[in-house]
Structure formats: C-alpha cells, structure tokens
Amino acid sequence: MKLLVVEDEPKTGDYVRQGLIEAGFIVDLVRDGADGLHLALTEAYDLLILDVMLPKLNGWQILGGIRKAGKDTPVLFLTARDEVDDRVHGLELGADDYLVKPFVFSELLARVRTLLRRGSKVKESEMLRAGDLELDLLRRRVTRAGRRIELTVKEFSLLELLMRRQGEVLPRSLIASQVWDMNFDSDTNVIDVAVRRLRAKIDDDFEQKLIHTARGMGYVLEAPTCS
Ligand code: CA
C-alpha cells in the first residue's frame, strides 16, 4: 500500500513517514502543497495524509484539485487544535477523516487502516496475484498454492513492490528507496540479503520460480503466463 504525506513541519513529517514505513507502508513525503498535488495526480496512492496549512497550496486546495480531477483517493487531514472550522470545511470538501495535532502515532495508524479498509470495498486492489502466489494487502497475508507464508514487515513490503510491478526489472536503487528509504549510496547488500531470504520463502519449495535476478540490473518478479 502506497501513501502520500504532505506536511511542511519537518518533525511531524518525518515522524509520520517513519512510523508508516515501519508499519509496512510505502510512503512518499513532500513538504509543500504544489508538489503534493502534482504527486497525488500523477502517482497511484491508496491514501493521502494532508496537513492544512502548507506552502504554495493548502491542504484544501490539494483535495479540491484531486476531486476535480475525478480521483476518489481517501484523504485524512491533519489539523491543528484551534482549527475546528477547518475540519468542518475539510469534510465538506470531501475529506474522509481528520486527526487533531498533536496526535499519537497509534491513533494515526488506526485511522489509516480504517480508511484503507473502507476504500478497498470499492476497489478490488486489495489482492495482488502472480501465478499461484497471492498477497492480501489488508490482512497482510501471503499464500502460495494455498499455503501460508510468514514474512517480516520488510519482506512483505519488498514482495508487494515486486508484485505491483511484476514483469518489470526493479533496480536495487529503486528497491532501496521504496522499501528501506535509503539512497543508492547505502549498502545495497541489504537488498540482496533480503531478496535471498524472500526467495527462500517464496520459491525454494516450488519448481516454478517467481523471483529472478536480472544480472547487473536488479530483480524482477515474473509468473509464467498460462496458455
Ligand atoms: Ca503546516
């Protein structure tokens, strides 16, 4: 599941992003409203978390912009305690929920999960499939040929990324930034080790391998097409 956080206050933004990454989400964080609207319109997110007061465009303008473009991505607003009218205004504009700052992370996570569950009743994207491999985004469960596979939070995120973009060779740098929030200069050995562990769980017991190495390029998940 991929989330966009638009928050100009560095401490809050980093806190929210870090927590969501640790909870297994893929997170983009930007600091101003113009970047936020641009990303919300061009990338596919499962949920947007918007601060109200932002440089360039405020949270409502972002919400207005995406609803006008016909996108029904769920939106959670972060509002300051003294902005009660803002909350009403946000809900009128089509926000799905709001959270008053300061908040504890567990509260944010609970709201996020509720909104994602609600949203997924309309969308069918809660299940990713590749051959006999299934990843259930909401229940956070993975099965292959009906057999349950236990993954760590990072392994789950890695597999989710590979499955969302199956057939595409993903460079280590991209995997590093999406799953570990590291840049390419960091130790990419971490990724090789994680992929090896994931493979052991996903592929070792099966004749048909799904995760492949594109030598010198990265990794790709590919299921054979049945004819
Ligand atoms: Ca702000």
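This text goes with the structure placed above it.
Let us look at the structure shown here. (Residues numbered from 1 in each chain as written. Predicted model: local features only at pLDDT ≥ 70, side-chain atom pairs only at ≥ 80, totals over all residues. Heavy atoms only, no water.)

**Observations regarding the overall build of the protein chain**
Thinking step 1. Helix and strand content of the protein chain: eight helices and twelve strands.
Thinking step 2. In the protein chain, which comprises 227 residues, the proportion classed as buried is 48%.
Thinking step 3. A sequence separation of at least 24 residues applies to 56% of the contacts in the protein chain between residues at least 6 apart.
Thinking step 4. A total of about 11,600 Å² of accessible surface is found on the protein chain, and carbon and sulfur atoms cover 50% of it. (Helix = DSSP H or I, 4+ residues; strand = E, 2+ residues; numbered from the N terminus. Buried < 20%, exposed > 50% of the residue type's maximum accessible area, 1.4 Å probe, protein only. Contact = heavy atoms within 4.5 Å. Areas by Shrake-Rupley, 256 points an atom, 1.4 Å probe, with all protein chains shown as cover.)

**So, the sheet that holds strand S5 (residues 97–101)**
Thinking step 1. A sheet is described by the order of its strands in space; here five strands give the open sequence S2-S1-S3-S4-S5, paired in parallel fashion. Bordering the open sheet on either side are strand S2 (26–30) and S5, each of which pairs with just one other strand. With direction set aside, neighbouring strand axes in the sheet form an average angle of 20°.
Thinking step 2. Here strand S1 (residues 2–6) runs beside strand S3 (residues 47–51); their pairing, made up of four bridges, is parallel. Bridge pairing in S3 places Leu-4 opposite Leu-48. (Pairing = 2+ DSSP bridges. Axes fitted to C-alpha atoms, helices over the stretch in contact; angles between N-to-C directions.)

**Looking at the coordination of the calcium ion**
Thinking step 1. Asp-8 (OD), Asp-51 (OD) and Met-53 (O) make up the full set of protein donors to the calcium ion, lying at 2.1 to 2.4 Å.
Thinking step 2. Expressed as a motif, the donor residue spacing for the calcium ion is D-x42-D-x1-M.
Thinking step 3. Given a relative accessible area of 52%, Met-53 falls into the exposed group. (Donors = N, O, S within 2.8 Å, 3.2 Å for Na, K, Ca; no water.)

**A look at the pattern of salt bridges**
Opposite charge on two side chains permits them to pair, given that their charged atoms come into close proximity.
Thinking step 1. Throughout the structure, instances matching the rule amount to 20 salt bridges.
Thinking step 2. The shortest N-O distance in the salt bridge between Arg-17 and Asp-14 comes to 3.9 Å. Of this pair, Arg-17 and Asp-14 both sit in helix H1 (residues 10–22), separated by three residues, roughly a single helical turn.
Thinking step 3. In the salt-bridge network here, residues are joined through shared partners; they are Glu-7, Asp-51 and Lys-101. (Salt bridge = Lys/Arg side-chain N within 4 Å of Asp/Glu carboxyl O.)

**Section: H1**
Thinking step 1. The terminal C-alpha atoms of H1 lie 18 Å apart, and with 13 residues this matches the ideal 18 Å at 1.5 Å per residue to within 8%.
Thinking step 2. Listing the buried residues of H1 in full gives Thr-12, Gly-13, Val-16, Gly-19, Leu-20 and Ile-21.
Thinking step 3. Two residues or fewer after H1 comes Gly-24, characterised by a positive phi angle close to 100°. (Expected span 1.5 Å × (residues − 1).)

**Points about the nonpolar core**
Thinking step 1. In terms of nonpolar packing, the biggest core is built from 51 residues, with Leu-20, Phe-25, Leu-108, Val-112 and Leu-159 touching the most fellow members.
Thinking step 2. Formed by 17 residues, the second largest nonpolar core is a distinct cluster that contains Leu-48, Ile-66, Phe-77 and Ala-95. (Core = buried A, V, L, I, M, F, W, Y, C linked by side-chain atoms within 4.5 Å.)

**Some remarks on the pairing of strand S4 (residues 75–80)**
Thinking step 1. Of all six residues in S4, five are buried, a share of seventy percent or more.
Thinking step 2. In terms of strand pairing, S3 meets S4 through four bridges, oriented parallel. In the strand pairing of S4, Asp-51 is matched with Leu-78.
Thinking step 3. With helix H3 (residues 59–68) bridging S3 and the parallel S4, this β-α-β connection has right-handed handedness. (Right-handed = clockwise from strand over helix to strand, strands pointing away.)

**Here we look at H3**
Thinking step 1. Looking at H3, one finds that the buried residues are Gly-59, Ile-62, Leu-63 and Ile-66. Down the axis, H3 shows its buried residues gathered within 95° of arc, on one side only.
Thinking step 2. A side-chain oxygen of the first residue of H3 lies 3.0 Å from the backbone nitrogen of Trp-60; this N-cap is Asn-58. (Arc of directions from axis to C-beta. Polar contact = N/O pair within 3.5 Å; in protein donor to acceptor, adjacent residues only side chain to side chain.)

**Details of the sheet that holds strand S12 (residues 218–221)**
Thinking step 1. Strand order across the open sheet formed by three strands is S10-S12-S11, with antiparallel pairing between neighbours. Two strands lie at the open edges of the sheet, namely strand S10 (170–171) and strand S11 (211–214), each paired on one side alone.
Thinking step 2. In terms of strand pairing, S11 meets S12 through four bridges, oriented antiparallel. Counted as the bridge partner of Ile-211 is Leu-221 from S12.
Thinking step 3. Helix H6 (residues 153–164) contacts S10 and S12 of the sheet and is inclined by roughly 70° relative to S12.
Thinking step 4. Against the sheet, helix H8 (residues 189–202) touches S11 and S12, its axis set at about 145° to S11.

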